[in-house]
Structures are given as C-alpha cells and as structure tokens.
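Structural characterization, general
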Amino acid sequence: MSNKDALLASLQTIQQDITDRIQQAEHVSDLDALKLQYLTKKGPLKDIQQQLPALEPTDKAVVGQQFNLVRTQLLAAFEQKNHTLQSQHIDALIQTDWRDVTLPGQPPQAGHLHPITQLRAQAEDIFMRMGFEIIEPNVVDTDFHVFEALNIPAGHPARDMWDTFWTTHGYIPITHTSAMQNRIISQHEPPIRAIVPGRCFRHEATDATHEHTFYQIEGVYIDKGITVSDLIGTLKTFLSAFYERDVKLKIQPSYFPFVEPGLEIMIDCAICKDNTDRYCATCRGKRWIELVPAGLIHPHVLEMAGVDPQEYSGFAWGMGLDRLVMIKYGIEDLRWFHSGDLRFLEQF
Amino acid sequence: MKLSLQWINQYIELKKDPHDIAERLSISLAEVEGVTVYADQYEGIVVGKITALAPHPDADALQVTTVDIQHEILSIVCGAHNIAVGDYVPVATIGTVLPANDHQEGLTIEKRAIRGVESEGMLCSPRELGISDDHSGILILNNEPHVRVGEHLATLLKADDVIFEIENKALTHRPDTFSHIGMARELATMYALGLNIPEPSEHPNHTTKRISFDIQNSTLCRRYSGAVIKDITIKASPLWLQLRLQRLGVRPINNIVDITNYVMLETGQPLHAFDQAKLHGDTVIVRTATDGETLTTLDGKERTLTTDMLVIADQNGPIALAGVMGGITSEVSEKTTTIVLESANFEHYNNRKTSRTLGLQTEASVRFSKNQDPELTLPALQQAIAMIVELAGGTVETITDTYPQPRTPQQIITTSTFLIDRIGDPALTNTDDIVATFTRLGITVTKDKDTLTCTIPTYRPDLTMPEDLVEEIARFKGYDTITPTLPQRDLTPAHVNPHIAWKRRVNTTLTQLGLTEVYNYSFVGKDWYGMCNVQDTLTIPLRNPISPEHAYLKPSLLPSLLGNINTNRKHYDQAAIFELDTVFEDNSDQPPHEIDMLGVAVYTQQDTVYERTKGVVESVIGRLNMPQVVFRPIDAKNTDPILAMLHPLRSAVVTCGNELIGYVGELNPEIQVKLGIQGAVGLAELRANTLYHLTDTGTIYQPVSIHPALTIDVSCLLDRDVSLDEVRHTLTQAGSELLVKTIALSAKENVERFGQGKKAVTFRLMFQSSQHSLAKKDVAADVENVKNVLTKNFAAEIRS
C-alpha cells in the first residue's frame with residue numbers, strides 16, 4: 001500500500017474515531033478536551049500533516065485536499081455538537097432555575113430629602129424662572145437688620161408683634177427673613193428681584209400649629225413704577241404655578257412697619273374647598289389660609305438702604321414656607337418637621 | 001379689640017347682617033376673629049314688681065309671691081328669701097327658655113304645682129340669667145335707673161347685641177381703633193354712612209383748689225386733664241353697663257371704675273380715679289420715679305421703679321404708674337366720697353418701655369403705647385363727669401387741663417394721580433371718590449386740579465405721607481377688587497446662586513447614597529449634650545430660651561443626629577441620615593460665626609459601620625471633584641471637644657491640604673452603652689463651607705486607554721498611625737506617568753507577627769499607557785521607586 005493510500009486510510013479512521021467520540025460527548029467540557037486531544041499541535045491530524053511534504057506532488061495534492069476536507073468536517077462536527085450541548089445545558093438551567101417572580105423585590109434604597117427642602121427648591125425654581133435671584137440669610141443677626149433697618153426703632157410698639165429670642169450678647173435668631181432686606185437693597189442696583197428662603201425663630205410655645213422654628217421665603221422687587229397690583233399679580237402667578245392650579249386670593253389689610261400699605265394674602269383651601277369643614281386641619285373651616293404677609297416697601301426702608309423712594313418703589317413679602325408645605329400635603333402637625341422621624345420623612 | 005354693635009349703632013345706622021359686617025371689617029380693616037350674637041337670650045323674661053308675699057302652706061322654705069308684670073298678676077312660688085314687697089325682680093314667664101350655662105341646661109319654664117301651690121313662672125337669680133355666678137338670691141332690680149314694670153329684661157339690660165372680636169396686630173399703628181367711636185368712623189367709611197358723635201356737655205372750669213396738679217415732665221406727660229368730684233356714692237353700676245363691660249372683656253368693679261373703663265372703650269382715652277381722701281398733701285404730681293422707689297399696683301404686686309418710669313405721685317410717693325396701672329393705696333373703695341379723676345396723655349415710647357420692663361400690659365398701656373391722641377383727654381373727662389354725676393351723684397369741684405404743646409393737625413400734599421398710579425388699577429377709583437373717602441375719615445381735603453392738600457386729624461398719627469393715603473384708598477375699595485398685573489421687566493436671566501446649586505448637588509448625592517435628610521432645631525440643651533459628653537461645647541446661651549432643651553445655639557450637628565438615631569431605632573434596625581445646617585461659634589461680643597456643616601449618621605447592625613460612613617464621605621468628596629483628601633487617625637493632642645462623641649481608635653480627621661474638613665468615626669462606646677444602642681453608629685461632621693470652596697465644579701475628561709492595565713502589589717510594614725491616603729498620594733506622585741493609581745488593598749495589625757504599633761499593608765499599583773500594552777519590565781523602575789519612597793518617606797519595611 002502506497003504511502004498515499006495509507007495516509008488516506010489513516011485520515012478516514014481518525015475521522016471516524018473522532019466523529020464517534022464527538023457524538024458520545026455529554027458535556028461541553030468533554031468536547032473541549034476532545035478538541036485539545038485531536039486538533040492541536042500534538043494530535044493525530046498534526047502527524048499526518050507533517051508527513052505531507054514527503055509525498056509526491058500529485059499525491060500531496062490529493063492527500064492535502066482530503067486532509068483539509070476532514071479537518072473542516074471535524075470542526076463543523078465539533079461546532080454542531082457544541083451548539084447542541086449548549087442548548088441542552090441552557091434548557092436544563094432554565095428548567096431548574098425557577099424563581100417566584102411574585103416575591104417582593106430588593107430595591108436599592110435611595111434616601112429622601114426633607115419635604116421643606118423639596119418644596120423650597122420648587123419654589124426657588126419658579127421664582128428663578130420669574131427672574132428672581134436667590135439669597136441666603138444670616139441665621140443670627142443684629143438688631144439693626146432685624147428691626148431698625150425695617151423701620152422698627154427701639155421702643156416702637158410694633159416690636160411687640162414679634163416674640164424675639166436674644167443671645168446673651170444681644171443678637172437675634174432672625175424673626176423674619178426680612179432681616180436681609182437692607183443688605184439686598186443696598187448691595188444691588190434696581191431693578192432688584194430677589195428671594196430669601198430661610199429659617200426663622202419666634203419665642204412661642206410649640207404645638208400642632210405653632211413652632212418656635214419656622215421657614216419663610218422673603219421676596220423683594222424694586223423698580224420704577226411698581227404698584228400694589230404688581231404685588232398681587234406676582235404672588236398670584238407664583239402661587240398658581242406652585243400649586244398647579246388657578247389659586248384664588250383673598251387679601252386683607254394688615255400692618256407691618258416696613259411696608260405701606262401692608263396686606264395679608266390668603267389662598268383658598270383646596271383640601272375642603274366645596275364643603276366648608278369646621279375640622280379641616282388645613283384651614284380650620286375658614287376656607288381661606290393666611291399665607292403671605294406683604295406690602296409695598298416703606299419709603300423709609302428704601303431710604304435707609306440708599307434707594308430714592310421718589311424714583312423707585314417696590315414690594316416685599318414674607319411667605320410661610322412650612323405653611324406652603326403643610327397645605328400641599330395636608331400635614332396636620334408642624335412638629336413633624338423637626339422630629340427627625342423617618343416614618344414621616346420617608347413619605348416624601 | 002372687642003366691639004359692641006349696639007354701641008356702634010349709637011353713632012351710625014348700621015342695619016347689616018353681623019356676618020356681612022365682619023366680612024367688611026376684614027376686607028377694609030383687620031381680621032375678625034370672632035362674632036358672638038346675643039339675641040333673644042332673655043325672651044319671655046320681664047320686670048315684675050312684688051305686690052304681696054305669703055308663706056307656702058306646705059313648705060317652710062318656700063314663699064308664694066304675687067308679682068305684677070303690667071298686664072298680668074302672677075302667683076309664683078319662690079325659694080329665695082332676699083325679696084320684699086315692692087321689689088323689682090326678673091320674672092321668667094311661662095314658656096321661657098332660660099339661657100344655658102355651666103350650671104344648667106336651657107330650662108323651660110312651665111306652669112306647675114310646687115308642693116301643691118300652682119306657680120305661674122319663676123323669679124331668677126343672677127346666675128340663672130347668666131349675669132354673674134351669684135346664686136344666693138333673686139336679682140333685685142330696684143336700683144336700675146328708669147326701671148319699669150312689664151319692661152323686657154333684654155331692653156333694661158340692653159342685652160341684644162353682637163360682639164365682634166378684631167385681631168389687634170393689624171391695628172398696632174391705629175390708636176383710634178381702640179375705641180367704639182373710632183370703629184364707628186371706620187364702619188361709616190366702609191358703608192358710606194353718616195357719623196353722629198354727640199359732643200359731651202361741658203362742665204365749666206371750677207377753681208376751688210382743694211387739689212392742684214403739678215406736671216413736672218411735659219415731654220412724657222403731654223397733657224393732663226384732671227377733675228375733683230365730691231359727694232359721690234360708690235355702688236354697683238347699672239346692670240346694662242356691667243353686662244356691656246363684661247362682654248367687652250372688662251370686669252365690672254363699681255360705678256366709678258366702670259365709668260372710667262366705659263369712657264375708655266368709647267373714646268379710646270384711658271382714665272383713672274383716685275380716692276382723694278387717701279392722697280397725702282394737696283398736690284397731684286406727674287414726675288419720673290426716683291431709682292428704687294416702689295409702688296404696689298392694683299394687681300397687688302409691689303413694683304420697683306427706675307428713673308425712666310413716669311409716675312403720678314403725691315407728697316409721700318408714687319400713687320400710680322402713669323398710663324399703665326393705678327396704685328393700691330389710692331384705690332377707690334366703697335367708702336370713697338371724693339375722687340380725683342385723671343384723663344391724661346402719656347408719650348408712647350416711654351409708656352411701652354415701662355409696661356414691657358415691668359411685664360405689665362393693661363388696657364391703658366395698650367392704648368398709650370400706640371401714640372394716643374392728646375386731644376381726647378378733655379372730652380373724655382367731660383363725658384366721664386357727666387356719667388358720674390348721673391350714676392354716682394356728686395358735684396364737680398375742680399376741672400383743670402395742662403396742655404403745653406397742643407398737637408396740631410399734619411398736612412400731606414399729594415396728587416390723585418400718585419395715589420391711583422401707586423395702586424396700579426386706573427379703573428379702581430377717581431379723584432371725587434378719593435376725596436369722599438378721605439372726608440368720611442375726618443381728613444379735610446383741599447383740591448387744586450390734581451393736587452390734594454390733606455389735613456390729617458390728630459387721632460390719625462399713622463398718616464404721615466402720601467403712601468399712607470394709598471392704603472386708605474386701597475383698603476376701603478378692597479384689595480380683592482384690584483386687577484392683578486405683572487411688573488414689566490427685561491429678559492435678563494436671574495443670576496444663579498452657586499451656593500444654592502452646590503447644596504442641591506450635595507443633597508442629591510446623599511439621597512442617591514441612601515441617606516435621608518433630617519431637620520433639627522438650631523437650639524439645643526445641656527441634658528442631651530451632657531449625655532453626648534459634649535456639654536462644654538455649649539458657649540452661646542439664649543437670654544430667653546423657650547425651654548432648657550432649647551437654651552443654646554447649636555455648636556455641632558452630631559448630638560442632634562445621634563438623637564434622631566436614638567428615636568428612630570425604636571422602629572428601624574438600620575438608618576442613614578444627614579443634615580446640612582448652620583452651627584455657631586462664639587465670637588465674643590460680635591455676632592456668632594455661622595458655619596455650614598454637613599452631618600451624617602449611619603446606624604446598622606453590621607460591623608462595617610465605619611467603612612460605610614467613611615464611604616459616604618468619600619462619595620460626597622468624589623462628587624465634588626475635590627483635590628486630594630486625607631483621612632488620618634485622630635491625634636491624641638487634638639483637643640476639639642466634639643471628639644468626645646467619637647471612638648478614639650475608630651475615628652479619623654479629614655483634611656485637604658492644610659484645611660480641616662471634619663471628622664468621621666464610630667460613636668464613642670461609652671455613649672452607646674449609656675444609651676443602650678444595639679448595633680453600631682457611625683458619625684461624620686464636615687465643614688460644608690470648606691467643602692464648597694474646595695469644590696471643582698468643572699468636569700475633567702480623560703481619554704479612556706484601549707490598552708490593558710497592569711497591576712503590581714507591594715506589601716510592607718508601616719507604623720500603625722500612618723495615613724494610607726497620604727502614602728497612596730505620595731506613591732502615585734513618585735511614579736512615572738504610567739502609574740495612574742495606587743490603592744490600599746488591606747491593612748492588618750498583628751502584634752506577634754509584625755510587632756507593637758505596626759501594620760502590614762498591601763498597596764496595588766495600577767499602571768496603564770495610552771500608547772501600548774505594558775510588560776513588567778516597562779514598570780520595573782517605577783516599582784523600585786515606589787519601594788524606595790515607602791522605605792525613605794514612611795519608614796516602611798518592604799515585605800514583597
């Protein structure tokens with residue numbers, strides 16, 4: 001038997017042998033081992049390949065062609081078997097890997113921002129869109145900024161309107177964000193549009209509707225020809241944007257020494273609007289909720305901050321931020337805000 | 001301020017529904033806090049006269065009365081014994097429903113037999129009528145002026161009325177509204193009604209000088225009108241007067257005191273009566289107190305006075321605190337026959353100061369502190385004298401009036417254009433309308449084309465400039481009728497406050513990391529700070545704290561955050577919270593330094609609370625693109641008192657360059673044991689101001705290398721207190737540009753193997769090139785260099 005025939009026979013045997021063993025393989029790992037054994041540098045096909053150069057050119061062509069054919073067919077067989085085994089494996093995985101998809105998930109826990117922080121940001125954004133700059137107040141300030149610059153000199157009866165805390169050195173945890181008015185007006189050129197969200201303090205006992213620590217958003221607008229109707233329009237626009245409805249206002253005269261005229265703006269209660277509920281936690285059956293004390297800035301206040309009241313006028317307000325939040329969510333008790341209680345905070 | 005509608009109706013014809021009036025008052029003046037309607041309360045109760053009295057045949061305790069009620073003679077069984085033939089008494093006739101009160105349901109009077117004798121009604125006690133708590137006998141009406149048989153009790157007592165309660169705050173600048181006349185003027189303007197204020201009949205000045213008046217301080221006592229009235233009879237006031245005072249919140253005392261109060265409620269002018277017999281000497285002096293002088297005021301309290309307080313005095317000393325409260329020694333009593341009646345005006349700032357200093361706010365000081373009109377004193381005095389003569393008898397002996405500088409009406413010159421423009425709604429009003437409103441308010445207006453010259457009455461000291469007149473127009477029109485407008489403005493966008501944006505970024509980062517934001521008070525107390533071992537950090541006390549728990553400005557966020565963990569652990573076995581808030585640092589007599597702080601507290605049942613807490617801090621710092629931050633063990637020499645809250649060996653100080661950022665660590669086990677906290681608590685407090693200034697808001701992009709990174713681990717022994725952050729940063733800098741990162745993989749302490757105060761540390765050096773894949777030989781020099789730096793700079797002993 002010529003060398004050529006022997007090699008061809010050998011190829012056939014190898015092919016048969018490997019094909020059988022491929023068919024018998026049960027796992028992908030068996031197949032990988034088989035492949036390593038037969039198709040790498042030291043395997044039987046390599047032996048045949050090494051004998052090819054010694055053949056007659058014509059024989060070499062024939063054997064070479066057959067070698068390539070066998071090799072290609074074997075690779076295809078491996079591939080096909082591999083595919084089958086993989087499919088079987090995956091099928092088995094799917095069948096055994098059952099989960100009850102109706103059990104609760106394990107959500108990653110994001111934290112919660114305090115509701116006042118959230119709604120303050122909303123309010124700030126609306127005012128920003130309306131052209132207002134945001135300014136932060138001092139927490140503790142001087143008598144000058146809290147009272148005097150606001151047209152409330154020492155001894156003025158209006159001082160009785162604020163129940164004020166004092167440090168032993170005579171400084172005041174601010175009773176209102178208006179304490180920033182003098183700085184805002186004196187440090188900016190008109191037109192001035194600014195809001196001051198901040199924490200304020202009043203010396204009063206805490207219960208469901210009173211807090212010694214509360215939050216305000218001060219607003220200041222100064223330009224030529226600013227009017228009472230501008231004040232009303234600006235706050236109505238803001239409140240409608242904030243509550244995402246066309247709020248109704250009720251406005252009463254009020255008195256604050258740093259505005260003239262002074263007024264109190266109330267909005268309609270959306271919680272019990274149609275059937276006046278005496279026990280409504282939000283408006284207490286009054287249908288109207290006092291929300292924004294406001295007014296045109298008193299000429300003395302403008303003057304003290306270096307703005308000529310003959311040329312400019314303006315308005316200011318001090319909106320209760322915690323009230324905005326209480327109304328938005330129907331929160332019944334102010335004391336939750338400083339409770340640090342996660343059962344409350346995680347709802348927002 | 002309480003207001004009687006019946007009284008108001010003496011001055012104007014206000015035929016309106018009480019709730020309509022309340023609504024109008026709130027639109028144009030101030031919030032109405034309450035409306036109480038007293039109507040038909042005494043329906044069926046009339047005045048009867050007892051014409052006969054007989055004992056009850058079957059009951060010794062009862063009498064059978066015969067009572068004339070004008071159209072009928074009734075036989076009524078009565079248990080009281082304070083009655084006599086000829087007495088006028090209130091008779092509840094058959095069908096009457098007695099007013100309900102604390103002692104009785106609304107009892108209906110029926111014709112029925114009492115122990116066998118038919119009773120056709122009931123004689124009533126003051127308590128049964130709700131007039132007072134007196135239930136000792138029947139109310140005797142003999143002394144009521146003009147009492148007449150058959151008259152409805154409601155008419156005799158002027159009992160059908162409506163009382164409005166008006167919020168005072170909006171009236172802080174309006175002394176005139178603390179009177180029925182002032183309120184009538186407001187209502188007359190609201191409803192465009194005529195106002196009829198009767199002039200009090202004038203008593204001519206008498207000059208019989210039993211008492212003279214010496215006003216020594218005319219700055220603080222702007223006017224003093226006084227009278228001496230002799231031969232008066234002190235007794236109870238007529239019931240209608242008592243009832244009215246009671247409903248307006250003033251306790252009836254006797255006719256003289258009641259009249260002074262009544263005239264005050266009518267005119268706004270406080271008055272005071274002294275018992276002349278109790279005065280020493282013949283001069284009433286108005287002067288400031290001498291230091292330490294004392295006066296026992298009518299409420300029975302002894303007051304120690306200072307030199308800036310104004311007093312009324314006799315030759316022995318103070319007899320009243322001017323414009324605040326009378327003294328007990330000169331109080332009018334049942335025996336008084338001659339009174340000195342004071343109707344004076346006191347300067348408002350000084351009056352308020354005295355009242356505040358002594359903590360004594362009275363009906364009088366409320367009015368004086370609002371700058372009451374000195375023009376009122378004499379008319380009010382005349383009015384009071386007229387009532388005294390009528391209800392207490394008496395003869396006027398002296399009337400004097402000291403008024404060195406009469407208040408002159410002020411002028412405000414403005415234009416109707418200004419007033420209308422400032423409101424901003426041209427359709428709201430016009431010049432004629434404005435003039436009409438002003439005139440109703442008592443303002444005299446002279447019109448010259450557009451210019452209005454307004455003469456302001458002395459009772460309106462709040463009106464000083466054109467802006468004040470804007471309010472007078474707007475409020476009577478009603479603010480709700482003004483058409484809202486928006487100010488004209490250009491398109492310049494609002495300046496964005498970078499600090500607000502920064503805070504939002506931190507907030508977002510922390511919530512993304514699973515932390516929930518809490519708010520704690522700015523005020524803290526000694527007890528909890530003591531529990532947290534940090535009582536000595538409390539350096540800024542409040543002068544007037546609301547409670548001991550809120551007595552200091554807070555120096556740190558950590559104690560309150562620990563408090564939050566301590567309360568939440570009842571409901572949660574793990575929690576992670578943060579707070580971004582201001583703390584305070586004492587700055588001697590300057591305003592306290594305000595420092596923004598970021599506080600974090602983590603509560604968990606796992607042993608990795610330090611790593612978790614530090615991880616939060618690192619994430620925040622990472623999000624802020626800050627330069628290299630170093631965590632170091634706390635130096636034993638660090639005296640920051642807040643460190644008493646932290647575990648000495650499981651806490652780190654965080655710095656960036658030379659700047660202190662804050663601390664992160666575990667709760668001091670001593671505190672944890674005291675509080676009985678199961679699990680572990682991690683705490684961090686960072687200076688937010690510093691973080692803010694070190695934040696790089698820009699994002700620096702680095703191209704991603706397509707070539708694989710090569711990692712090489714280096715192990716060594718280091719001193720235990722060496723900061724691995726510091727080593728890492730130094731090593732990274734020591735390497736070439738191929739060394740992109742150094743990570744501390746592990747650090748172990750083992751005294752037996754490594755010796756005391758040592759730790760075994762493995763660093764992983766990460767090399768990467770943007771040009772090609774790296775082989776070990778490419779980084780050999782770097783590794784060598786790193787080992788040298790470890791040895792030289794950090795006294796490391798290289799292990800591999």
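A brief look at the structure comes next. (Residues numbered from 1 in each chain as written. Chains lettered and ligands numbered in written order. Predicted model: local features only at pLDDT ≥ 70, side-chain atom pairs only at ≥ 80, totals over all residues. Heavy atoms only, no water.)

1. Some thoughts on the side chain of T511(B)
Checked against the element boundaries, T511(B) lands in helix α13 (residues 498-512). Within the local environment of T511(B), its side chain forms a polar contact with the backbone oxygen of T508(B), the two atoms lying 3.0 Å apart. T511(B) has contacts with A110(A), G111(A), H112(A), L113(A) and F578(B), leaving out every residue within four places of it along the chain. (Helix = DSSP H or I, 4+ residues; strand = E, 2+ residues; numbered from the N terminus. Polar contact = N/O pair within 3.5 Å; in protein donor to acceptor, adjacent residues only side chain to side chain. Contact = heavy atoms within 4.5 Å.)

2. Regarding the interface of chain B and chain A
Contact with chain B, which involves 85 residues of that partner, is made by 94 residues of chain A. Together chain B and chain A conceal approximately 7,400 Å² of surface at their shared face, both sides included; 55% is due to carbon and sulfur atoms. Considering only the surface of chain B that becomes buried against chain A, Y479(B), Y519(B) and Y521(B) emerge as the three largest contributors, covering 11% of it. Summed over the shared surface of chain B and chain A, the number is five salt bridges. Broken down by secondary-structure element, the contributors of at least two residues to the side of chain B that touches chain A are α2 (18-28), α7 (348-358), α10 (416-423), α12 (466-477), α13, β25 (516-517), α15 (558-568) and β28 (575-585) of chain B. When its residues are assigned to classes, the side of chain B that touches chain A shows 34 nonpolar, 28 polar and 23 charged. (Buried area = accessible area lost by both parts, 1.4 Å probe. Salt bridge = Lys/Arg side-chain N within 4 Å of Asp/Glu carboxyl O. Nonpolar A, V, L, I, M, F, W, Y, C, P; charged D, E, K, R; others polar.)

3. A word on the sheet that holds strand β13 (residues 272-275) of chain B
Residues and elements named next belong to chain B. If you walk across this open sheet you meet the four strands as β13-β20-β12-β21, and the pairing is antiparallel. Every other strand in the sheet has two partners, leaving β13 and β21 (393-402) as the edge strands with one partner each. The average angle at which neighbouring strand axes cross in this sheet is 25 degrees, direction not considered. Where strand β12 (residues 221-232) lies against strand β20 (residues 339-346), eight bridges are found, and the strand directions are antiparallel. Directly across from I229, in β20, lies its bridge partner I339. (Pairing = 2+ DSSP bridges. Axes fitted to C-alpha atoms, helices over the stretch in contact; angles between N-to-C directions.)

4. Some thoughts on the environment of R223(B)
Residue and element names in this part refer to chain B. Position of R223 relative to the elements: it lies in strand β12. C-alpha separation for the pair R223 and D161, spaced 62 residues apart in sequence, amounts to 35 Å. Every residue in contact with R223, bar those within four places of it in the chain, is listed here: A344, N345, P374, E375, T377, L378, D401, T402 and Y403. There is a polar contact of 2.8 Å between the side chain of R223 and the backbone oxygen of P374.

5. Comments concerning the environment of Q181(A)
Residues and elements named next belong to chain A. Within the element layout of this structure, Q181 appears in helix α7 (residues 181-187). Here the alpha-carbon distance between Q181 and V301, two residues 120 residues apart in the chain, equals 8.5 Å. Excluding its chain neighbours within four sequence positions, the residues that come into contact with Q181 are L150, E218, V220, F258, I297, V301 and A316.

6. Some points on the packing of α10(B) against α12(B)
All names here are of chain B. Where α10 meets α12, the axes come as close as 9 Å, and the angle between the chain directions of the two elements is 65 degrees. By the criterion of interaxial angle, the relationship of α10 to α12 is roughly perpendicular. The handedness of the crossing between α10 and α12 comes out as right-handed. When α10 is examined against α12, the residues F418, L419, R422 and I423 are found in contact with a partner set consisting of P466, E467, L469, V470, I473 and A474. (Parallel < 35°, antiparallel > 145°, perpendicular 65-115°, else oblique. Left-handed = near helix turned anticlockwise from the far one by under 90°.)

7. Quick look at the sheet that holds strand β4 (residues 192-201) of chain A
Ordered in space as β1-β4-β5-β9-β8-β7-β6 (chain A), the seven strands form an open sheet in which the pairing is mixed. Looking at strand neighbours, the two that pair on one side only are β1 (133-134) and β6 (249-254) of chain A, the edges of this open sheet. Across two bridges, β1(A) lies against β4(A) in parallel orientation. The partner of I134(A) across the bridge, within β4(A), is I195(A). Contacts between α12(B) and the sheet are confined to β6 and β7 (259-268) of chain A, with β7(A) contributing the most and set at about 35 degrees to the helix.

8. Digging into the pattern of salt bridges
Once the charged atoms of two side chains with opposite charge are near each other, the side chains can pair. All names here are of chain A. Using the criterion set out here, one finds 38 salt bridges over all chains in the structure. With a closest N to O distance of 3.4 Å, K236 and D246 form a salt bridge. Of this pair, K236 sits in helix α8 (residues 228-243) while D246 sits in the loop between α8 and β6, placing them 10 residues apart in sequence. Note that D268 is salt-bridged to R245, the shortest N-O span being 3.0 Å. Of this pair, D268 sits in strand β7 while R245 sits in the loop between α8 and β6, placing them 23 residues apart in sequence.

9. Let's talk about the state of the cysteines
Residue and element names in this part refer to chain B. Taken as a whole and assessed by the stated rule, the structure comprises zero disulfides over all chains. The thiol of C78 is unpaired, and the distance to the nearest cysteine sulfur, on C124, comes to 9.6 Å. Its relative accessible area of 4% is what places C78 among the buried residues. (Disulfide = S-S within 2.5 Å. Buried < 20%, exposed > 50% of the residue type's maximum accessible area, 1.4 Å probe, protein only.)

10. Comments concerning the packing of aromatic side chains
Within this structure, the stated rule accounts for 22 aromatic pairs over all chains. Consider the rings of F213(B) and Y224(B), whose centres lie 5.5 Å apart with planes at 40 degrees: the pair is tilted. Of this pair, F213(B) sits in strand β11 (residues 212-215) while Y224(B) sits in strand β12, and the two are 11 residues apart along the sequence. Taken as a pair, F213(B) and Y224(B) share a single burial class, namely buried. Taken together, the ring pairs in this structure connect F127(A), F132(A), Y221(A), F238(A), F242(A), Y243(A), F315(A) and W317(A) into an aromatic cluster. The lysine or arginine in question, R185(B), covers the ring of Y459(B), its NZ or CZ lying 3.6 Å from the ring centre. Here the guanidinium or amino end of K614(B) rests over the ring plane of F631(B), the centre of that ring lying 4.4 Å away. (Phe/Tyr/Trp six-rings, centres within 6.5 Å; stacked < 30°, edge-to-face > 60°. Lys NZ or Arg CZ within 6 Å of the ring centre and 35° of its normal.)

11. Points about α8(A)
Taking 1.5 Å of rise per residue, the 16 residues of α8(A) would be expected to cover 22 Å, and the 23 Å separating its terminal C-alpha atoms lies within 8% of that figure. The element α8(A) is largely enclosed, with a buried count of 13 among its 16 residues. (Expected span 1.5 Å × (residues − 1).)

12. Describing the pairing of strand β14 (residues 283-288) of chain B
Residues and elements named next belong to chain B. Across four bridges, the pairing between β11 and β14 is parallel. Within β14, the residue paired with I215 across the bridge is V286. Note: β14 against strand β17 (residues 310-314), four bridges, orientation antiparallel. Note that in β17 the partner of T288 across the bridge is L310.

13. Focus on α10(B)
All names here are of chain B. What α10 keeps buried is the set S416, L419, I420, R422 and I423. The buried residues of α10 occupy an angular sector of 165 degrees when projected down its axis, which confines them to one face. Immediately beyond the C-terminal end of α10, within one or two residues, lies G424, with a positive phi of roughly 95 degrees. (Arc of directions from axis to C-beta.)

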